[in-house]
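# Breakdown of the fold
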Amino acid sequence: MSRVYNFSAGPSMLPESVLKRAADEMLDYQGSGQSVMEMSHRSKVYDSIIKEAEALLREVMNIPDNYKVLFLQGGASSQFAMVPLNLFNKSKKADYVITGQWAKKAYQEAKKYGEAKVIASSEDKTYSYIPKLDKSTFTEDADYFYICVNNTIYGTLYHELPDTGNVPLIGDISSCVLSEPIDVSKFGILLAGAQKNMGPAGVTIAIVREDLIGNAMDITPTMFNYKTHADNDSMFNTPPCYSIYMVKLVLEWVKNEIGGLEKMKELNEKKANLLYDFLDNSKLFKGTVVPEDRSLMNVPFITGSDELDAKFVKESTAAGFVNLKGHRSVGGMRASIYNAMPIEGVEKLVEFMKKFEEENA
Ligand SMILES: *Cc1c(COP(=O)(O)O)cnc(C)c1O
């Protein structure tokens, strides 16, 4: 068996020990005589899995007690509708900062239900920076304020959060969840699809402050109402059972093998710095994001020549570094170095890039 270094933006690498554990438990989960895939979600044994997953997430992310943790389906993309449907209940106004495709999609969805306003955007420079925000432009009576914290496609990250006062801040953290500590209490809602940094596709996690639950718009479908899922401990209908189980294993790995989010951050900074230092000193490659807004998770870079980019993608793939092609909307390359990417993967990638540079510069 040989495994590649997978730089996919999502679904992405999972820790090898997690995959092995899942394999070990595949046919007989802890003496139950069944796979987790086969269990009734109402069974006692499954109940302990979902409860443990929630408890671990609360512990690892230090989630305050006045927040509900919901295990949902429909991807982060469904949250683009769920957020406005649940929160447009006073002024029906919301502010959006457009830092890439995901924020833009969220904004376009919100416009269907209320008065969503773009208060800043970095579209003018292909989203290569996080726009500076001017508080005087914020809508005072907005029902919420929306940001995408880590921009997966463009490789930018908010290193400082906007101060929105009493207006609930909503953060899409699909591609940075569990990568470093985050102050949950600064947010009204945090949302994340699992397939970037917490498990396989199929489960989406929403961390929702309790006072924001229970006032959804009348038109809200039952399944899109946070209250439905909060009242039923994410068991209103069949939850994505196996994906939740995998998230539990990943959380155990973060807690026990890594040692928590402070440690995770250290490791992620080490990996990202290796790559950014190389890019900053390279004669051939160059990062596309302004240094102060760089992501720890997604690192886009270019050579400046479409032919060389294509050659690099081809040769790196052949050498066992896969999924380095940039998003179809921006071209170039992108290395997604999520939690599960070992430091050796980044070291070897940098070595490979050095060699490519010598041969092609
Ligand atoms: C991948 C991604 C999404 C979309 O997630 P789906 O689960 O595919 O709907 C949304 N936001 C961010 C930041 C992402 O990285």
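The notes below deal with the structure included here.

### Digging into the sheet that holds strand β11 (residues 286-287)
- Taking strand neighbours across the sheet as the criterion, the 3 strands line up as β11-β12-β14 in an open arrangement whose pairing is antiparallel. In this open sheet, the two strands that pair with only one neighbour each are β11 and β14 (333-336).
- Both strand β12 (residues 298-302) and β14 contribute to a ladder of 4 bridges, which runs antiparallel. Across the sheet, asparagine 298 pairs through a bridge with serine 336, a residue of β14.

### Quick word on the pairing of strand β8 (residues 169-172)
- Burial along β8 is two-sided: the residues Leu169 and Gly171 and Ile170 and Asp172 are all buried.
- In this sheet, strand β9 (residues 189-193) lies alongside β8 in parallel orientation, the contact comprising 3 bridges. By the bridge assignment for β9, aspartate 172 is matched with leucine 191.

### So, the site of the ligand
- Taken together, 13 residues lie near the ligand, and Ser77, Thr152, Asp172, Gln195 and Lys196 sit nearest.
- Between the ligand and glutamine 195, the relevant distance is 2.9 Å, taken from an oxygen atom to a side-chain nitrogen or oxygen of the residue.
- The side chain of lysine 196 places a nitrogen or oxygen atom 2.6 Å from an oxygen atom of the ligand.
- For the ligand, whose free accessible area comes to 390 Å², the fraction covered by protein is 87%.
- No other element matches the 4 residues that helix α3 (residues 75-87) contributes to the shell around the ligand.
- Split by residue class, the shell around the ligand holds 4 nonpolar, 7 polar and 2 charged.

### Quick notes on the packing of aromatic side chains
- One pass over the structure, following the stated rule, counts 19 aromatic pairs.
- Taking 6.0 Å as the distance between ring centres and 75° as the angle between the ring planes, the aromatic pair formed by phenylalanine 301 and phenylalanine 312 counts as edge-to-face. In this pair, phenylalanine 301 sits in strand β12 while phenylalanine 312 sits in helix α8 (residues 306-318), placing the two residues 11 residues apart along the sequence. No difference in accessibility class separates phenylalanine 301 from phenylalanine 312, as the two residues are buried.
- Chaining the aromatic ring pairs together yields one cluster made of Tyr5, Phe7, Phe278, Phe285, Phe301, Phe312, Phe321, Phe352 and Phe356.
- Here the guanidinium or amino end of lysine 125 rests over the ring plane of tyrosine 129, the centre of that ring lying 5.8 Å away.

### Section: a nonpolar patch on the surface
- Together, Met26, Leu27 and Met37 give the surface a local cluster of nonpolar side chains, amounting to about 330 Å² of exposed area.
- Note that methionine 37 resides in the loop between α1 (16-24) and α2 (44-61).
- The exposure class assigned to methionine 37 is exposed, which follows from its relative accessible area of 54%.

### Description of α2
- Counted at 1.5 Å a residue, the expected span for α2 with its 18 residues is 26 Å, and the 26 Å between its end C-alpha atoms agrees.
- Listed as buried for α2 are Tyr46, Ile49, Ile50, Ala53, Leu56, Leu57, Val60 and Met61. Considered in projection along α2, the buried side chains sweep an arc of 125° and stay on one side of the axis.
- Looking at the packing, one finds that the buried side of α2 touches β2 (67-72), β9, β10 (204-209), α6 (241-258) and α7 (261-281).
- Downstream of α2 by one or two residues, asparagine 62 has phi in the positive range, about 55°.

### Side note on the pattern of salt bridges
- Summed over the entire model, instances satisfying the criterion amount to 18 salt bridges.
- With its nearest N and O atoms 3.5 Å apart, the salt bridge here joins arginine 3 to glutamate 16. Of this pair, arginine 3 sits in the segment before β1 (5-6) while glutamate 16 sits in helix α1, and the two are 13 residues apart along the sequence.
- Residue glutamate 16 is classed as partly exposed on the basis of its relative accessible area, which comes to 40%.
- The closest approach of N and O atoms between aspartate 280 and arginine 294, which form a salt bridge, is 2.7 Å. Within this pair, whereas aspartate 280 is found in helix α7, its partner arginine 294 is found in the loop between β11 and β12, the two being separated by 14 residues in sequence.
- A relative accessible area of 13% means that arginine 294 is categorised as buried.
- Residues participating in the shared-partner salt-bridge network are Arg21, Glu25, Lys248 and Glu252.

### Some thoughts on the side chain of aspartate 143
- With respect to the element layout, aspartate 143 can be found in the loop between β4 (115-121) and β5 (144-148).
- Although aspartate 143 is buried, it makes no salt bridge; lysine 90 carries the closest opposite charge, 4.8 Å away.
- The contact partners of aspartate 143, leaving out residues within four places of it in the chain, are Leu87, Phe88, Asn89, Lys90, Ser91, Lys92, Lys93, Val167 and Pro168.

Conventions used here
Residue numbers here run from 1 along each chain, matching the order of that chain's written sequence. Totals for whole chains, interfaces and linings use all residues, but because this is a predicted model, local features are given only for residues with pLDDT of at least 70 and pairs of side-chain atoms are given and counted only at 80 or more. Water and hydrogen atoms play no part in the side-chain values, which are based on all heavy atoms of the structure. When DSSP finds at least two bridges between two strands, those strands are taken to pair. We count a stretch as a helix when DSSP gives it H or I for four or more residues in a row; a strand needs E for two or more, and each element gets its number in order from the N terminus. Throughout this description, buried means an accessible area under 20% of the type-specific maximum (1.4 Å probe, protein chains only), exposed means over 50%, and partly exposed covers the range between. One heavy atom within 4 Å of a molecule or strand makes the whole residue count as near it. Whenever a nitrogen or oxygen atom comes within 3.5 Å of another N or O atom, the pair is scored as a polar contact, on the condition that within protein one atom can donate a hydrogen and the other can accept it, and that pairs from neighbouring residues in sequence are kept only if both atoms are in side chains. For every accessible area listed, the method is Shrake-Rupley and the probe measures 1.4 Å; residues are considered covered only by the protein chains on display. In this count, Pro and Cys sit with the nonpolar residues alongside Ala, Val, Leu, Ile, Met, Phe, Trp and Tyr, while Asp, Glu, Lys and Arg are called charged and the others, Gly among them, polar. Classification of ring pairs uses Phe, Tyr and Trp, with its six-membered ring standing for Trp, and accepts pairs whose centres are within 6.5 Å; under 30 degrees between planes counts as stacked, over 60 as edge-to-face, and the remaining range as tilted. Charge-over-ring placement is defined geometrically: NZ (Lys) or CZ (Arg) within 6 Å of the ring centre, and within 35 degrees of the ring normal. Patch membership requires over 30% relative accessible area and the absence of a salt bridge. Like charges are linked within 9 Å, and nonpolar side chains (Val, Leu, Ile, Met, Phe, Trp, Tyr) within 5 Å. Throughout this description, the term salt bridge denotes a Lys or Arg side-chain nitrogen within 4 Å of a carboxyl oxygen of Asp or Glu. Expected helix span is computed as 1.5 Å times (number of residues minus one). Here the arc refers to the directions that run from the helix axis out to each C-beta atom. Throughout, a residue-residue contact means that at least one pair of heavy atoms, one from each residue, lies within 4.5 Å. Charged-residue counts in this description rest on Lys and Arg as positive and Asp and Glu as negative, His and the chain ends being excluded.

Note that all results are geometric; they support no functional claim without further evidence.
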